[in-house]
Amino acid sequence: MARYTDANCKLCRREGEKLFLKGSRCFTEKCAVERRKYSPGQHGQNMRRKVSAYGLQLREKQKIRRTYGLLEKQFHNYYEKADKKIGITGENLIQMLETRLDNMVYRLGFAPSRKAARQLVRHRHILVDDKIVDIPSYHIQPNQIIKIKEKSKNLEIVHAALKEVGRGEELTWIRLNKAALEGELLEIPKRADIPLTANEQLVVELYSK
């Protein structure tokens, strides 16, 4: 399966803000966005282009896609599903991305990044309602319980990630039980409750052309 293999920090620098792709490193002085506040590449420091309306839409799309670690086709498929659902297309899109299993594992604090969360899911360390689910895109429904498998509860990556819980915004739509290493999606989050700085409406405008 195709996947991005280059440096994650380049993606943050290209978007000009932290996408939190490197876990705890993003909160330290080692963060590439803090150290080099310009686009990657040979001419990154000299880029002074005037951004068009299309360029703004493209950047917002890339920001969201890279934040959740999706390829272009995967992201576009999510948009098409969101467009068919009742409600605001942009909000539907973000809600669908937020309720992916890999993102929920990350939001609960079981992994330092979405990439690491995806690996935990793929390696069968995660249970959903006491059943192993190894599909990162699995859609979590309200009241479903997400757990670390009993044999995986001593994983260092999980305990190290849980120590960082609290650095970001507190999310009212999930419940975490650190002692039991389990969490729950309480409700589908409203857009205002999702800590994402991107403007999804520009993505809708881009794909609507």
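To start, this report covers the structure provided alongside it. (Residues numbered from 1 in each chain as written. Predicted model: local features only at pLDDT ≥ 70, side-chain atom pairs only at ≥ 80, totals over all residues. Heavy atoms only, no water.)

## What to know about the packing of helix α6 (residues 101-108) against helix α7 (residues 114-122)
No. 1: Running from N to C, α6 and α7 point in directions that differ by 115 degrees, and their axes come no closer than 8 Å. Pair α6 / α7 crosses with right-handed handedness. For the pair α6 and α7, contact is made by Leu 101, Asp 102, Asn 103, Val 105, Tyr 106 and Arg 107 and by Arg 114, Ala 117, Arg 118, Leu 120 and Val 121, respectively.
No. 2: A class-by-class count of the residues in the contact of α6 with α7 yields six nonpolar, one polar and four charged. (Axes fitted to C-alpha atoms, helices over the stretch in contact; angles between N-to-C directions. Helix = DSSP H or I, 4+ residues; strand = E, 2+ residues; numbered from the N terminus. Left-handed = near helix turned anticlockwise from the far one by under 90°. Contact = heavy atoms within 4.5 Å. Nonpolar A, V, L, I, M, F, W, Y, C, P; charged D, E, K, R; others polar.)

## Regarding the pattern of salt bridges
When the charged atoms of two side chains with opposite charge come close together, those side chains can pair.
No. 1: All chains considered together, the criterion is met by 12 salt bridges.
No. 2: Across the salt bridge formed by Glu 184 and Arg 175, the nearest N and O atoms sit 3.1 Å from each other.
No. 3: For Glu 184, a relative accessible area of 12% corresponds to the buried category.
No. 4: If you follow the salt bridges from partner to partner, you end up with Lys 61, Arg 65 and Glu 72 in one network. (Salt bridge = Lys/Arg side-chain N within 4 Å of Asp/Glu carboxyl O. Buried < 20%, exposed > 50% of the residue type's maximum accessible area, 1.4 Å probe, protein only.)

## What about the packing of helix α5 (residues 89-98) against helix α9 (residues 200-207)?
No. 1: For the pair α5 and α9, the least separation of the axes is 8 Å and the interaxial angle reads 110 degrees. Classified by the interaxial angle, the pair formed by α5 and α9 is roughly perpendicular. The crossing of α5 and α9 is right-handed. Contacts between α5 and α9 involve Thr 89, Gly 90, Glu 91, Leu 93 and Ile 94 from the former and Glu 200, Val 203 and Val 204 from the latter.
No. 2: Its residues placed into classes, the contact of α5 with α9 shows four nonpolar, two polar and two charged. (Parallel < 35°, antiparallel > 145°, perpendicular 65-115°, else oblique.)

## Side note on the sheet that holds strand β4 (residues 174-177)
No. 1: Strand order in the open sheet made by the five strands is β2-β1-β3-β5-β4, with antiparallel pairing throughout. Of all strands in the sheet, those bounded by a partner on one side alone are β2 (131-132) and β4.
No. 2: Examined bridge by bridge, strand β1 (residues 126-128) and strand β3 (residues 145-148) share three bridges and lie antiparallel to one another. Of the residues in β3, the one forming a bridge with Ile 126 is Ile 148.
No. 3: Packed on one face of the sheet, α6 meets β1, β3, β4 and β5 (182-185) and runs near 60 degrees to β4. (Pairing = 2+ DSSP bridges.)

## A word on the pairing of β4
Put simply, side chains in a regular strand alternate between the two faces of the sheet.
No. 1: As paired elements, β4 and β5 share four bridges and run antiparallel to each other. Looking across to β5, one finds that Ile 174 is bridged to Leu 185.
No. 2: Two successive antiparallel strands, β4 and β5, enclose a turn made up of four residues, where Leu 181 displays a positive phi of approximately 55 degrees.

## Here's the deal with the nonpolar core
No. 1: Among the nonpolar cores identified, the biggest contains 24 residues, and Leu 101, Val 105, Ile 126 and Ile 146 are the most heavily contacted of them.
No. 2: Those elements that provide at least two residues to this core are α6, α7, β1, β3 and α8 (156-163).
No. 3: Counting residues per element, this core draws most heavily on α6, at five residues.
No. 4: Setting aside chain neighbours within four positions, we find Ile 126 in contact with Leu 101, Val 105, Leu 120, Val 121, Lys 131, Ile 132, Val 133, Ile 146, Lys 147 and Ile 148.
No. 5: Tyr 78, Leu 196, Ala 198 and Val 203 belong to the second largest nonpolar core, which has 17 residues in total. (Core = buried A, V, L, I, M, F, W, Y, C linked by side-chain atoms within 4.5 Å.)

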